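# Summary of the model geometry
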Amino acid sequence: MATESSNVTAVRLVARLPARLLALSLSGLIAVLLVLAALDLPDDAGGLTTQVTDNLDQSGVTHPVTAVLLNFRAYDTWLEVGVLILALLGILAVQQSADLSDTGALTDPGPVLTWLSRLLVPVIFLTGGYLLWLGTAAPGGAFQAGAVWGAAGVLLYMSGYRSVTAMGALLFRAAVLVGFGIFLIVAAGPTFTGRQMLQYPLDLAGTLILLVETTLAFSVAIILTSLFCGSQPRRSDASP
Amino acid sequence: MNQFLIFAFTSIALFCISLYALVTYAHLLRKILAINIMGSSVFLFLVAVAYRNRTETPDAVPHAMVLTGIVVAVSATAFALTLTRRIHAETGLTYLPDEDDLE
């Protein structure tokens, strides 16, 4: 049924009633099944807490979440950066360009935003760097720092300054791929010395994790800013 | 009804409500919002599972999974929004026209 508002017949963009009832009943069924599954979880399971705490001193860091992210489950983190790059590739494909130098600027940001971004961006860089360093002992690490730095990039773009939009294609690709590439070298390196993939040597674990985290944070920041700037309309798309 | 069950039922309710919204509404932004809320409800469930038995330290593995999931959700949302913008720029519509199912 189309709802009429004033003189315009507005289509409500919703499925028809039988389809809605079917969707409602199926969602309700899924809800019931999930509730039964949640009630059925065993009572005294601590998960993998004991395994993590027992092996924490061999991981190279002292914070359990960072140890899980960058040592025990480093494969997930590594491929997560791959997913980020894949999303960026999708955006570049949709925009039909190899880099973001064609991105249009937003409309006039005004003096308050430009002044505020000049004030905030150095502080944001410091905060991100601190989070990156803090990851070994407290909540922090590569993705947190990368997200904070990415916010700085978005703030710069909204204020009219150029950051990722000023990079040529080669530099852009290098910046995006350096995190994944260094992680690839660190992951595949042990296989050349007779170990498994991602099996860091015990005395170098902390150093390798810090190296991987730094390049990862830089790459993630570039990618996150590009995910935002890449969705903006391009200058060549604008009507003359 | 302990603390974990409250979080679990909330996340299940959010998941199923947004699943319904994903299927029912045709506007692409609503679909993207629904997928985001489904993702957030799963994160809520994972974080609740991590602290289920009130041990001294919460289980670190679901926390790491949630961190990974948040980043993946953000990037997928960015890609979906770019596609939506492109669809709107090319066709002028904000929904995928399929006139048999819509009213």
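Structural data are supplied above this passage.
This write-up is about the structure you can find in this document. Note that the coordinates shown come from a computational prediction; the quantities given were computed from them, not determined experimentally.

## Some thoughts on helix H8 (residues 205–229) of chain A
Residues three or four positions apart in an α-helix share a direction because the helix packs 3.6 residues into each turn. End to end, H8(A) covers 36 Å across 25 residues, agreeing with the expected 36 Å (1.5 Å per residue, within 8%). With 18 of 25 residues buried, H8(A) is to be regarded as a mostly interior element.

## A word on the interface of chain A and chain B
On the chain B side, the residues contacting the 52 residues of chain A number 43 residues. Here chain A and chain B share an interface that buries about 4000 Å² over both sides, 68% of which is from carbon and sulfur atoms. Of all residues in chain A, Leu13(A), Arg16(A) and Val94(A) give up the largest surface area on contact with chain B, accounting jointly for 16% of the area buried on that side. In this assembly, chain A and chain B are joined by zero salt bridges. With eleven residues, helix H1 (residues 17–39) of chain A is the single largest residue contributor to the side of chain A that touches chain B. Split into classes, the residues belonging to the side of chain A that touches chain B amount to 32 nonpolar, eleven polar and nine charged.

## Thoughts on the side chain of Ser117(A)
All names here are of chain A. Topologically, Ser117 is positioned in helix H5 (residues 111–134). There is a polar contact of 3.0 Å between the side chain of Ser117 and the backbone oxygen of Thr114. With residues up to four places along the chain from it excluded, the contact list for Ser117 reads Pro122, Leu155, Ser159 and Tyr161.

Criteria and thresholds
Residues numbered from 1 in each chain as written. Chains lettered and ligands numbered in written order. Predicted model: local features only at pLDDT ≥ 70, side-chain atom pairs only at ≥ 80, totals over all residues. Heavy atoms only, no water. Helix = DSSP H or I, 4+ residues; strand = E, 2+ residues; numbered from the N terminus. Expected span 1.5 Å × (residues − 1). Buried < 20%, exposed > 50% of the residue type's maximum accessible area, 1.4 Å probe, protein only. Contact = heavy atoms within 4.5 Å. Buried area = accessible area lost by both parts, 1.4 Å probe. Salt bridge = Lys/Arg side-chain N within 4 Å of Asp/Glu carboxyl O. Nonpolar A, V, L, I, M, F, W, Y, C, P; charged D, E, K, R; others polar. Polar contact = N/O pair within 3.5 Å; in protein donor to acceptor, adjacent residues only side chain to side chain.

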